[in-house]
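Survey of secondary and tertiary structure
What follows is each chain in one-letter form.
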Amino acid sequence: MRRLAAISIVVTVALVMAGAWPAAAQDKPRSGGELVFVVPSEPPSYDAHQEETFGLIHPTAPHYSTLLRVDPTDRTGTKPVGDLAESWTISKDQLAYMFKIRKGVKFHDGSEMTSKDIKASYDKILHPPAGVKSLRREAYGAIASIDAPDPATFVVKLKYPESSMLLNLASPWNWIYKADILAKDPHYYETHVMGTGPFKFVEHVRGSHWVGKKNPDYWDKGRPYLDGYRAIFISSSAAQVAAVRGERAMIQFRSFSPPERDSLVQALGPKIAVQESPWDCANLVAMHHDKKPFDDKRVRRALTLALDRYEGSKALSRITLVKDVAGIQVPGTPYATPPAELEKLAGYGHDIAKNRAEAKRLLKEAGVPEGFAFTFKNRGIPHPYEHLGIWLIDQWRQIGLNVKMEMIEASAYHPMLKRGDFDVAMDFQCGFIVEPDLDLPRFLSHSEANYGKHKDTVIDDLFSRQGRATDPEERKKILRQLEKRLLDEEVHVFYTLQWHRIVPHLAKVKGWTITPSHYLNNQLDTVWLSE
Amino acid sequence: VHKYLAKRFLLMLPTLFGVALVTFVLIRVIPGDVVELRYSGDRGSVSQEVIDKERARIGLDKPVWQQFLSWIGGVVRFDFGTSMWTGAPILEEIKLRLALSLQLAVMATIVAVLLAIPLGVLSALKQDTWIDYAVRLFSIAGLAMPSFWLGIVLILVMLVVFRWLPPMVYTPFWVNPVQNLAQLIWPALAVGYRYSAVATRMTRSAMLEVLREDYIRTARAKGLMQKLILSRHALKNAMLPVLTVVALEFAFLIGGLVVTEQVFNLNGIGMLFVQAVAHRDYTLLQALIMLVAGSFIVVNFLMDVAYAWLDPRIRYR
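Conventions and cut-offs
Numbers given to residues run from 1 along each chain, matching the order in which its sequence is written. The order in which chains are written sets their letters, starting at A; the order in which ligands are written sets their numbers, starting at 1. Restriction of local features to residues with pLDDT of at least 70 applies here, the model being predicted, together with a cutoff of 80 or more for giving and counting side-chain atom pairs; totals for whole chains, interfaces and linings are based on all residues. Computation of side-chain values covers all heavy atoms of the structure but excludes hydrogens and water. Pairing of aromatic rings covers Phe, Tyr and Trp, the last through its six-membered ring, and needs centres within 6.5 Å; plane angles under 30 degrees mean stacked, over 60 mean edge-to-face, and all others mean tilted. By definition, any uninterrupted DSSP run of H or I lasting at least four residues is a helix, any uninterrupted run of E lasting at least two residues is a strand, and each is numbered from the N terminus. When accessible area is computed with a 1.4 Å probe and restricted to protein chains, residues below 20% of their type maximum are described as buried, those above 50% as exposed, and intermediate ones as partly exposed. Note on criteria: charge over ring means Lys NZ or Arg CZ within 6 Å of the ring centre, with the direction from the centre no more than 35 degrees off the ring normal. As a per-residue measure, pLDDT reflects the predictor's confidence and takes values from 0 up to 100. In this analysis, two residues are considered to be in contact whenever any of their non-hydrogen atoms come within 4.5 Å of each other. The definitions used throughout rest on a 1 Å grid laid over the protein atoms alone, on which a cavity is an enclosed set of points accommodating a 1.4 Å probe that cannot get out and a pocket is an open set flanked by protein within 12 Å on both sides along at least five of seven lines; lining residues are those having an atom within 4 Å of a point. Grid points are joined across faces, edges and corners, and a volume is the space filled by probe spheres set on the points. Ten residue types, Ala, Val, Leu, Ile, Met, Phe, Trp, Tyr, Cys and Pro, are classed as nonpolar, four, Asp, Glu, Lys and Arg, as charged, and the remainder, Gly among them, as polar. Joining through side-chain atoms within 4.5 Å is the link that ties buried Ala, Val, Leu, Ile, Met, Phe, Trp, Tyr and Cys residues into a set, and such a set is a nonpolar core. Two strands pair if DSSP finds at least two bridges between them. Only C-alpha atoms enter the line fits that serve as axes; for helices the fit covers just the stretch in contact. Angles between N-to-C directions range over 0 to 180 degrees.

Our focus in this paragraph is the packing of aromatic side chains. All chains considered together, the criterion is met by 37 aromatic pairs over all chains. Plain terms: the ring middles of Phe376 of chain A and Trp396 of chain A are 5.5 Å apart, the flat faces sit at 80° to each other, and that makes the pair edge-to-face. With Phe376 of chain A in strand S13 (residues 372-379) and Trp396 of chain A in helix H13 (residues 382-397), this residue pair connects regions lying 20 residues apart in the sequence. Neither residue differs from the other here; Phe376 of chain A and Trp396 of chain A are each classed as buried. Look at Phe9 of chain B and Phe301 of chain B: their rings are 5.9 Å apart centre to centre, the planes differ by 70°, and that puts the pair in the edge-to-face class. With Phe9 of chain B in helix H1 (residues 2-29) and Phe301 of chain B in helix H13 (residues 282-310), the pair connects residues that are 292 residues apart, well separated along the chain. You can call Phe9 of chain B partly exposed: its relative accessible area is 44%. For Phe301 of chain B, a relative accessible area of 18% gives the class buried. One Lys or Arg, Arg28 of chain B, reaches over the ring of Phe24 of chain B and ends 3.7 Å from the middle of that ring.

A word on the confidence of the model for chain A. On average, residues of chain A score 93 in pLDDT, and 95% of them are at 70 or above. Confidence over residues 10-25 of chain A falls short of pLDDT 50; this stretch has 16 contacts with residues more than four positions distant or in other chains.

Right, let's talk about empty space enclosed by the protein for a bit. Taken as a whole and judged by the stated rule, the model has seven cavities of 30 Å³ or more. What the largest cavity holds in volume is close to 180 Å³. At three residues, the largest contribution of residues to the lining of the largest cavity is made by strand S2 (residues 68-70) of chain A. Looking at the lining of the largest cavity residue by residue, the classes come out as eleven nonpolar, four polar and one charged. Computed from the structure, the second largest cavity encloses a volume of approximately 110 Å³. Taken together, 13 residues form the lining of the second largest cavity, with Trp85, Thr86, Glu93, Arg97 and Gln275 of chain B sitting closest to its centre. Listed by contribution, the elements that provide at least two residues to the lining of the second largest cavity are helix H5 (90-125) and helix H12 (269-279) of chain B. Residues belonging to the lining of the second largest cavity are distributed by class as follows: four nonpolar, four polar and five charged.

Leu35, Leu67 and Phe99 of chain A are the most contacted members of the largest nonpolar core, which totals 115 residues. In terms of residues, this core owes the most to one element, H5 of chain B, which gives six residues. What Leu67 of chain A contacts, discounting residues up to four positions off in sequence, is Gly82, Asp83, Leu84, Ala85, Phe99, Ile101, Ile118, Tyr122, Phe154, Leu169 and Ile176 of chain A. Judged by nonpolar contacts, the second largest core, of 70 residues, contains Ile328, Val403, Leu440 and Ile478 of chain A.

So, about unusual backbone geometry. Note that the residue after Lys292 of chain A, namely Pro293 of chain A, is joined by a cis bond; omega there is 0°. Within the element layout of this structure, Pro293 of chain A appears in the loop between strand S12 (272-287) and helix H9 (297-305). With omega at -10°, the peptide bond leading from His383 of chain A into Pro384 of chain A counts as cis. Turning to its location among the elements, Pro384 of chain A is positioned in helix H13. The phi torsion at Arg280 of chain B lies on the positive side, around 55°, for a residue other than glycine. When you line up the elements, Arg280 of chain B lands in the loop between H12 and H13.

Another point: the sheet that holds strand S6 (residues 143-150) of chain A. Residues and elements named next belong to chain A. Pairing is antiparallel in the open sheet, where four strands are placed in the order S4-S5-S7-S6. Strands with a single pairing partner mark the edges of an open sheet, and in this sheet they are strand S4 (85-90) and S6. On average, each strand axis in the sheet is tilted by 20° relative to the strand beside it, whichever way the strands run. Pairing of strand S5 (residues 96-101) with strand S7 (residues 153-158), which is carried by five bridges, proceeds in the antiparallel orientation.

Right, dumping it as structure tokens:
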């Protein structure tokens, strides 16, 4: 009976997913209606330049525009398109980017937006005034200067070519603020909303909801389609599912777990559509390079060889938010590791018996006795940390290791990693755009997020070279070398499984495309309701 | 009487100070802080420099005793500061949620009292009959079922059977009473039922005790009507312990509906508590604990006043 139910869920999901795409492509957008969605977290402040949470992006991004944005129809979330920039040119030496800015774009107070506002916003990001935080300024180390020579031109000059620059300028965090306001009060945007986006701000009741209404003066005529939107803050996942199931909300843009998806599909049948994607988040295993026996790369290699990632993927993807077996980039994106290459890396081969025999041999060679015990420190969050942790312990047990898992309460987890107070620990990373320059700096010798404290100038050099390689094929080659060094030759860290994003939504919600990042595609200008 | 009330009132102050001190110290024993949580985010790669600056900005870099003095100074002036997570004034954060929590507490109390007093009295009057057994079963079931569990069951029944869910956003009663009641009646029933179970059992045992008193026997011997004996002599005296239970439960409801508010997604004080703990928002958490402790202390004080009014023996002791 259970099996029958499971099969029916799988069939329904497949049918719904298969049916949703062509239908969405054929349907003509319809204006009107209010989109109601759930946000599992809440914004601490309203200033995206200084926040890190999707709890801000989801309810607030519809009020703002960015210079560039990631194409809202691109499922890889890696294709930059213009937002306030109408077009751009790049100099032959790739050191100067000149953006032509759209004319007639207005802030919600009716004033005209010009390149002066873009410059002021980027000045705030790159050189924040005293007392103002800018969390991602390090990502723009290549920028030598920015300029707004006339109201319709914005120029970025670089110190050296950087292949990721366009995507970096499409960051969903880089909202464009009004220059005059920033000049008067650089803290204004922490508590106020004033943008050029498709929706105007109506109200935010803390702990309850956020409301936006259509901006009739939006530069993209005919858009947005919705009359407005309402974001409801619900922290309990059971209440989130109930909200969608009871049709009090239409979508939750972050992700639901596989069992939650299945319960919604079972309850709502054709009224629900499901979009899924590999997620730009992954759990890694950090091994402290100053602690024995993890200072020995044979031991680190044994730990990754023990993992049967392919079988793990099958089992874990049914119960938690992981699925794909991947290397340093999200599968399906431009710099992802091809499966044939992936299989050559330690722990990615399909012959698990051979891998584990090799792991045991390496442990013996390194002098690690059978039954060697250590503690694996994990973050005290169920999905997917706890599930992955249990799986890891079982995998390591199969090469004769005796591992105890210690769950560290969420707020104490990061300080623990930073202090290096672990032998082996769960590490994680989540990106907002799949791009090596944004995802890989944590593996550099000097990075504060290099929790295992490895020192490897080869990796530092490869990272620098890939970032400056302007030919994509050359860049891929360097990335594969970096990956081999990081995950196979030195095994400084290793990846477990790629997170998997699952967004079930009422089938009447159209015009929204899932991407690998829950920080992307939240402006809602393309979204419409079929009923 | 005045001396008695003044003594009771003055006793509130050291109690509140004790709560403030213990709260302040205990919160800081919990590992991690608001800045780590806010900036660890999903990437976990915000520089230590940013974290240190933010700690300094909100005063977490100062010695704990200095932080305490600064905070307690504010409390004395009824200034609880700003939330470390949102930066909003704490009184504003609490005010935003207090209306919902108070309304829910009042509604749950009404449900509880309407159930508990008639059932408790009936059960006592019909002791050891099937009515008594039924009431006792009903109240034991109420005690055994946590209100949040009952809430989950209510939601599931509404979803599965009626394909309907209460509104997710709070609408004040004076704005739209139907919408308001459609949201709050369910948690009020879930909480009120458990609350009534305690009060029913208390009413029953108090009534049984009072009904065996000499003055009730005397009243009956005088030929007084049963209705008058019950209302004028038995119930009034049996209400003293019931009043205590009802009042303390009411105080608990102001901030104690932590899980129930999560289940029904109610933006009340209980939910704010959860958020404050989850975010390690020290200033907000301290203020909330002071609010709940203050509610208990005030309710206790009012109980003492009520006792003195209801029972002359206390007044003249």
